[in-house]
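Secondary and tertiary structure notes
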Amino acid sequence: MLASTAGLVSVVVPTYKESENIRHLVPRICNAMKTEGLAVEVIIVDDDSQDGIEQVVAEFRKEQLPVKLEVRVGQRGLSTAVIHGFELAQGEYLVCMDADLSHSPEKIPELISKLQSGETDFVIGSRYVPGSTTDINWGLLRWLNSKVAILLARPLVSVKDPMSGFFALRRAMFLSAESLSPIGYKIALELLVKSPRKKIVEVPIHFADRKLGKSKLNLAEQLNYIKHLKRLYDYKYDNFSRFFQFCLVGTTGVGVDLTCFNLLLLTLKVFAVARAIAIGIAMTWNFYLNRRLTFNDARRAPWYKQYYKFVGGCLLGAVISWAVSTTLARAGPGSWLFAQIAVLVGIACGTVANFLIAKYVAFR
Ligand code: GDD
Ligand code: MN
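Quick summary incoming for the structure in this document. Quick caveat, the model's predicted, so the values are computed rather than measured.

Things to note about the side chain of Gln-245
As for its placement among the helices and strands, Gln-245 is situated in helix 8 (residues 219-268). Using a relative accessible area of 7% as the deciding quantity, one classes Gln-245 as buried. For Gln-245, the side chain forms a polar contact with the side chain of Lys-230, separated by 2.9 Å. Side-chain polar atoms of Gln-245 contact the side chain of Asp-234, separated by 2.9 Å.

Topic: the site of ligand 1
Surveying the vicinity of ligand 1 reveals 23 residues, the closest of which are Glu-18, Asp-47, Asp-98, Arg-210 and Lys-216. Within the contact set of ligand 1, an oxygen atom lies 2.6 Å away from a side-chain nitrogen or oxygen of Arg-210. Here Ser-215 contributes a side-chain N or O atom positioned 3.1 Å from an oxygen atom of ligand 1. Out of a free accessible area of 740 Å², ligand 1 has 95% covered by protein chains. Of all the elements in the fold, those that place two or more residues in the shell around ligand 1 are strand 1 (5-15) and helix 3 (78-88).

Considering the packing of helix 5 (residues 140-153) against helix 8
The contact between helix 5 and helix 8 brings their axes to 11 Å, and the two run at 15°. Classed by the angle they form, the pair helix 5 and helix 8 counts as roughly parallel. Every pair of crossing elements has a handedness; the one defined by helix 5 and helix 8 is left-handed. For the pair formed by helix 5 and helix 8, the contact residues are Asn-145, Ala-149, Leu-152 and Ala-153 on the first element and Gln-222, Tyr-225, Leu-229 and Tyr-233 on the second. Residue classes in the contact of helix 5 with helix 8 are distributed as 6 nonpolar, 2 polar and no charged.

Cut-offs applied
The residue count restarts for each chain, going from 1 along the sequence in the order it is written. To label them, take the chains in the order written and letter them from A, then take the ligands in the order written and number them from 1. It should be noted that, the model being predicted, local features are given only for residues of pLDDT at least 70 and side-chain atom pairs only at 80 or more, the latter also being counted only at that level, while totals for whole chains, interfaces and linings use all residues. Water and hydrogen atoms were dropped before computing side-chain values, which therefore reflect all heavy atoms in the structure. Under the DSSP-based scheme used, a helix requires at least four consecutive residues in state H or I and a strand at least two consecutive residues in state E, with every element numbered from the N terminus. For every residue, the accessible area (1.4 Å probe, protein chains only) is compared with the maximum for its type, and the residue is labelled buried under 20%, exposed over 50%, or partly exposed between those bounds. Here a polar contact is taken to be a pair of N or O atoms separated by no more than 3.5 Å, where protein atoms must pair a possible hydrogen donor with a possible acceptor and residues adjacent in sequence count only if both atoms sit in side chains. Proximity is defined per residue: any heavy atom of the residue falling within 4 Å of a molecule or strand makes that residue near it. A 1.4 Å probe and the Shrake-Rupley method give the accessible areas. Residues count as covered only by the protein chains that appear here. Axis angles are defined between N-to-C directions and span 0 to 180 degrees, where every axis is a line fitted to C-alpha atoms and, for a helix, only to the segment in contact. Should an angle fall under 35 degrees it is called roughly parallel, over 145 degrees roughly antiparallel, and 65 to 115 degrees roughly perpendicular, with every other angle called oblique. Handedness of a crossing follows from how the near helix is turned relative to the far one, being left-handed for an anticlockwise turn of less than a right angle and right-handed for a clockwise one. Any two residues whose heavy atoms approach within 4.5 Å are treated as being in contact. Throughout, the ten residues Ala, Val, Leu, Ile, Met, Phe, Trp, Tyr, Cys and Pro are labelled nonpolar, Asp, Glu, Lys and Arg are labelled charged, and all others, Gly among them, are labelled polar.

What follows is the structure in structure tokens.
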């Protein structure tokens, strides 16, 4: 990290094939800052667009505009580009914005003033607070999509627009963020979850439609968002998050178990054999999904080693479940209701045991 310069504002702009927009954006940023008497450096992080952006920036440099171009080769990604830009930045204040003129550079001084006054460490240029406007006519589907995306992030951070690509923060807050590892687009969300912070302020913005070039937000990025969310939930809620996913997998496992069991019983007609095979299949199913989902960060070990530990662990869970329920039933008042409760408590104990074994033994 470079030494910081007091009062300087570093505006980081991630770009992929935006040279046409950059031509308009950079002078507007510089003018807006000059008008307010703010010192600025613009850092463009381009993922090897090969669209002539080098020449555009070279022209600006001839005109003495404070702009730097960082070209990353062999790497793509909005969030990682922004982090890279922040690492190169020297300002006391960091700003992130889109290149496509959706975000108004004239709004930057207002964001910065909130940081200067000390009322906050992180200012979001928000599309969803009173006063925000947009000239994009989103279809119902796109609107719904955006609402669901925000809802899914709600337990992580309670702001109206955690998806915004327009925000400003103190350099100190960026430095305090832990182990940043965003996938895809949601860099603000990543920073908000991973920094110990004070108060977040949302400032209403006008979100303009892009006029030049194309959006890079596609289906792959939407899937990245789901992966990113899982990471953030695991980070923030660790065992609760894992346990939730483990239960989700277990629930599908019960469905698989019952389906297989009934099919096997129909064909084999032997209850005990059908039960045993179905349990084996369900256990394998659970193993596969837990390896892919719940504990997907522990996939370095070979699968068969994890598999036999997992299965071994489940066996123990089954025994515990059996033991707890029989002990309870024997000690209790022998009623039908109490027997049901005993069975349920047994299953719950077995599940918790299975989870702990999976986490601390199989997927350690
Ligand atoms: N370096 C780099 N690498 N930049 C990228 C990449 C990449 O792989 N992909 C996109 N960008 C840049 C674009 O060039 C643009 O400057 C900015 O990131 C936003 O990309 P758009 O393609 O215009 O995205 P959008 O308008 O759909 O998304 C905007 O709104 C979303 C909320 O609806 C962004 O602000 C998102 O951050 C925001 O979540
Ligand atoms: Mn855009």
